[in-house]
Amino acid sequence: MKKIFATFAFATLLASSARANSRLPETNQLVSAPDDPSTLLLRTTFGYLFTHDAGKNWDWLCESAIPEQGQQDPAVALLAGGVVVSAQVVEGLAVSPDRGCSWSFASKMPAIDVARSPDGATAIALTSVYAFTDGGTIFNTTQMLETTDAGKNWAPLSGAIDPTLVIDTIDLAPSNPARMYVTGHVYQVPNGTMLVSSDGGQSWVSRSIPFVAGEASAYIAAVDPNNPDLVYARTLGTTSKTAEQFSRLLVTKDAGQTWNEAWNGDKLLGFALSADGSRVYVGTALAGLLAANASDLVFTQKSPLQIQCLATVGATLYACGNEGNSGWVLASTTDEGATFMPLLKLETIRGPLACAAGTSGAECVNEWPALADQLGIDAGTSPAPDAGGPSAGCGCESSSPTPLDLVVLGALIALGLTLRSRLFRAAR
């Protein structure tokens with residue numbers, strides 16, 4: 001039962017980590033508000049950072065204000081009107097109506113991923129939890145939740161998702177709101193799966209994603225903004241000899257019927273498309289920033305700097321970086337990385353997000369001195385958020401397993417693999 005104990009140790013390590021979770025401070029996902037491109041949310045390993053002036057000033061929301069546990073790195077989305085959605089794999093689908101200050105749950109089922117429409121009113125979240133094991137096959141209960149009013153109300157969609165899939169990602173086609181994509185994998189099966197819906201999630205067609213040796217998961221990187229059949233997917237694998245992680249970028253132009261490899265290399269941490277879909281950007285720690293035309297997907301290096309996430313907002317490309325390598329943790333570029341404009345160094349975070357008394361976000365002021373000390377910020381002199389301004393926006397193996405062993409293993413795999421996948425997600 002070595003595998004069971006190893007999986008248990010892995011899941012326990014992640015779930016029991018303190019909120020000051022002993023990880024080095026890093027940034028790893030950036031999302032923008034659909035109704036205000038100057039409003040950005042930057043996910044970090046120590047909470048969320050918000051800016052309402054396109055990166056000039058950043059305010060911190062502590063992890064204890066967000067209903068999450070351990071090293072989740074939950075998928076996040078900004079909806080219209082300042083609504084924040086956080087897909088928590090332990091607690092559920094968390095929603096904040098006031099830019100992160102207060103939170104409630106739209107679902108207590110473990111949330112895997114969330115994707116929104118371009119207008120920010122419609123979003124789809126996926127929840128999934130281990131159900132049972134039968135004949136060595138692990139089954140999960142998976143459900144989709146939809147909001148059409150920017151997070152105020154959520155309702156389940158009736159379409160059924162293959163219960164044998166461990167779900168990895170969901171995405172929507174910007175040019176066709178009825179087209180949805182879900183990726184997942186069956187435990188110990190050497191190929192991934194992409195589910196395709198053309199009727200808003202009421203029915204699904206299953207398509208295979210071909211894996212190479214060592215690959216275990218595939219994640220939707222993006223759907224082309226104009227062609228709903230054109231999908232980019234990132235894989236994650238581990239080499240058997242060196243145990244190093246690697247990725248491939250796969251592309252389908254026929255909604256998953258056929259796939260082509262466009263790039264391969266070290267762990268792919270960043271992916272973005274230009275606003276019109278004509279340019280494709282990938283980023284890794286070793287390869288740096290690379291770009292290609294979508295028409296030929298011949299990538300060239302644009303910058304050797306380590307990349308931890310990528311996102312485009314209009315004509316601007318944003319990149320998360322390693323401050324020790326680049327001198328910043330977030331920067332923007334309008335010339336594809338020939339030059340970067342630093343937007344954030346950890347020491348320039350100006351303080352906790354201004355939240356109304358009684359909200360969970362208001363308690364972050366008590367944790368700020370400790371974080372400021374860790375990041376090298378003088379907490380006594382750091383500028384406060386503008387009173388009443390946008391940043392105040394809250395307002396208010398060896399032996400055969402027994403049946404019981406398989407049940408335990410199934411539950412832990414469902415949790416452990418999902419938590420591990422969070423460390424690989426990048427902004428869409």
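All of these numbers come straight from a predicted model, not from anything done at the bench.

J.: Pulling in residues and values, what's your account of the sheet that holds strand β9 (residues 111-116)?
T.: Paired through their backbone hydrogen bonds, the strands of a sheet run either parallel or antiparallel. In spatial order, the strands read β9-β10-β11-β12; together these 4 strands make up an open sheet with antiparallel pairing. Of all strands in the sheet, those bounded by a partner on one side alone are β9 and β12 (155-156). Strand direction decides the pairing type here: strand β11 (residues 137-147) and β12, joined by 2 bridges, are antiparallel. Each bridged residue has a counterpart across the sheet, and for Glu 146 the counterpart in β12 is Ala 155.

J.: Provide a residue-level description of the packing of aromatic side chains, including the pertinent values.
T.: As enumerated under the stated definition, the model contains 4 aromatic pairs in all. Look at Phe 132 and Phe 139: their rings are 4.8 Å apart centre to centre, the planes differ by 15°, and that puts the pair in the stacked class. Exposure remark for Phe 132: the relative accessible area of 42% places this residue in the partly exposed category. Taking the centre distance of 5.1 Å and the plane angle of 45° together, the rings of Trp 328 and Phe 340 count as tilted. Highlighted residues: Trp 328 in the loop between α2 (323-326) and β27 (330-333) and Phe 340 in the loop between β27 and β28 (341-344), separated in sequence by 12 residues. The exposure class of Trp 328 is buried, given its relative accessible area of 4%. Using a relative accessible area of 18% as the deciding quantity, one classes Phe 340 as buried.

J.: Describe the sheet that holds strand β22 (residues 279-284), with residues and values.
T.: Here 4 strands make up an open sheet; going across it, the order is β21-β22-β23-β24 and the pairing antiparallel. In the strand order of this sheet, the two ends are held by β21 (268-273) and β24 (300-303), each with one partner. Strand-to-strand, the axes of this sheet are offset by a mean angle of 30°, without reference to chain direction. Across 3 bridges, the pairing between strand β23 (residues 288-293) and β24 is antiparallel. Paired with Leu 290 across the strands is Gln 301, a residue of β24.

What counts and how
Residues numbered from 1 in each chain as written. Predicted model: local features only at pLDDT ≥ 70, side-chain atom pairs only at ≥ 80, totals over all residues. Heavy atoms only, no water. Pairing = 2+ DSSP bridges. Helix = DSSP H or I, 4+ residues; strand = E, 2+ residues; numbered from the N terminus. Phe/Tyr/Trp six-rings, centres within 6.5 Å; stacked < 30°, edge-to-face > 60°. Buried < 20%, exposed > 50% of the residue type's maximum accessible area, 1.4 Å probe, protein only. Axes fitted to C-alpha atoms, helices over the stretch in contact; angles between N-to-C directions.

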